[in-house]
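Residue-level structure breakdown
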Amino acid sequence: MAKQPEDWLNDYPTEEEEEEIIWVSKSEIKRDAEALKKLGAELVDLSKNALERIPLDEDLLAAIELAQKIKREGHRRQLQLIGKMLRARDVEPITTALDKLKNRHNQQTALFHKLEELRDKLVNGNDEVIDEVVELFPQTDRQQIRTLIRNAKKEKVANKPPKSYRQIFQYLKDMAEST
């Protein structure tokens, strides 16, 4: 039986149904897919210890570990697969954990820069800088830090490897971590 003209109207969504439909452009879908592929690439670049801190299911973790082993064209295809797997998952907890991991790295880098500046001040400065270090880290052993500074200055003058210079940084880092 042929459709009557009134039946053709039933094939189109009503105004109420049209309000519920959210139109997504093809470009937006592609941008989202590309963003998930980049997220997958970031996950692949992480170390095993860092991956343990991110909430990943077994399938996704296995795909990431496989991508870490694969090279060239296979690696690219594996990244596409990881991106596809991420589309079917809630990525918010993954991105949150990844952001926390990055932020911790940024904080650690900033701390290291401050400790390097302090070390340079110690080697190039005088006793006032040692007082500053003792103020920052009350558990500092003045005698040990003075010995390291004296040895670092001797090494610098004699053009020897900067062993004591590195030890000062390590000592400051240990003090910062114990605070």
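So, how was this worked out
Residues numbered from 1 in each chain as written. Predicted model: local features only at pLDDT ≥ 70, side-chain atom pairs only at ≥ 80, totals over all residues. Heavy atoms only, no water. Helix = DSSP H or I, 4+ residues; strand = E, 2+ residues; numbered from the N terminus. Contact = heavy atoms within 4.5 Å. Areas by Shrake-Rupley, 256 points an atom, 1.4 Å probe, with all protein chains shown as cover. Buried < 20%, exposed > 50% of the residue type's maximum accessible area, 1.4 Å probe, protein only. Arc of directions from axis to C-beta. Salt bridge = Lys/Arg side-chain N within 4 Å of Asp/Glu carboxyl O.

So, on to the overall build of the protein. Summing up its helical and strand segments, the protein has 10 helices and 0 strands in all. Mapped in sequence order, the helices and strands of the protein form the string α-α-α-α-α-α-α-α-α-α. Across the protein, contacts joining residues at least 24 apart in sequence account for 59% of those joining residues at least 6 apart. For the protein, the accessible area works out to roughly 13,400 Å², and carbon and sulfur atoms hold 51% of it.

Now for the environment of V123. Note that V123 resides in helix 7 (residues 92-124). A residue is classified by how much of its surface remains accessible, and V123, at 6% relative accessible area, is buried. Along the primary structure V123 and K153 are separated by 30 residues, whereas in three dimensions their C-alpha atoms are 6.6 Å apart. Residue contacts for V123: discarding those within four places in its chain leaves I149, A152, K153, Y165 and I168.

Along helix 8 (residues 127-136), the positions that sit buried rather than exposed are V129, I130, V133 and V134. Along the long axis of helix 8, the arc covered by the buried residues comes to 145 degrees, so they all point the same way. Exposed side chains of helix 8 directed beyond 90 degrees from the buried face belong to E128 and E135.

Let us now look at unusual backbone geometry. For R72, which is not glycine, the phi torsion reads 60 degrees and is therefore positive. Its place among the elements puts R72 in helix 6 (residues 72-87). Classification of R72 as exposed rests on a relative accessible area of 78%. For N159, which is not a glycine, the phi torsion comes out positive at approximately 55 degrees.

Turning our attention to the pattern of salt bridges. Taken as a whole and judged by the stated rule, the model has 7 salt bridges. The shortest N-O distance in the salt bridge between R89 and D57 comes to 2.4 Å. Highlighted residues: R89 in the loop between helix 6 and helix 7 and D57 in the loop between helix 4 (48-52) and helix 5 (58-69), separated in sequence by 32 residues. Taking relative accessible area as the criterion, R89 reaches 25% and is therefore assigned partly exposed. Salt-bridge contacts for E132 lead to K121; the nearest nitrogen and oxygen are separated by 3.4 Å. Placement of the pair is E132 in helix 8 and K121 in helix 7, with a sequence separation of 11 residues. Classification of E132 as partly exposed rests on a relative accessible area of 32%. Under the relative-accessibility criterion, K121 is labelled partly exposed at 43%.

Looking now at the side chain of Q78. Position of Q78 relative to the elements: it lies in helix 6. The residues touching Q78, leaving out its near neighbours within four places in the chain, are A63, L66, A67 and I70.

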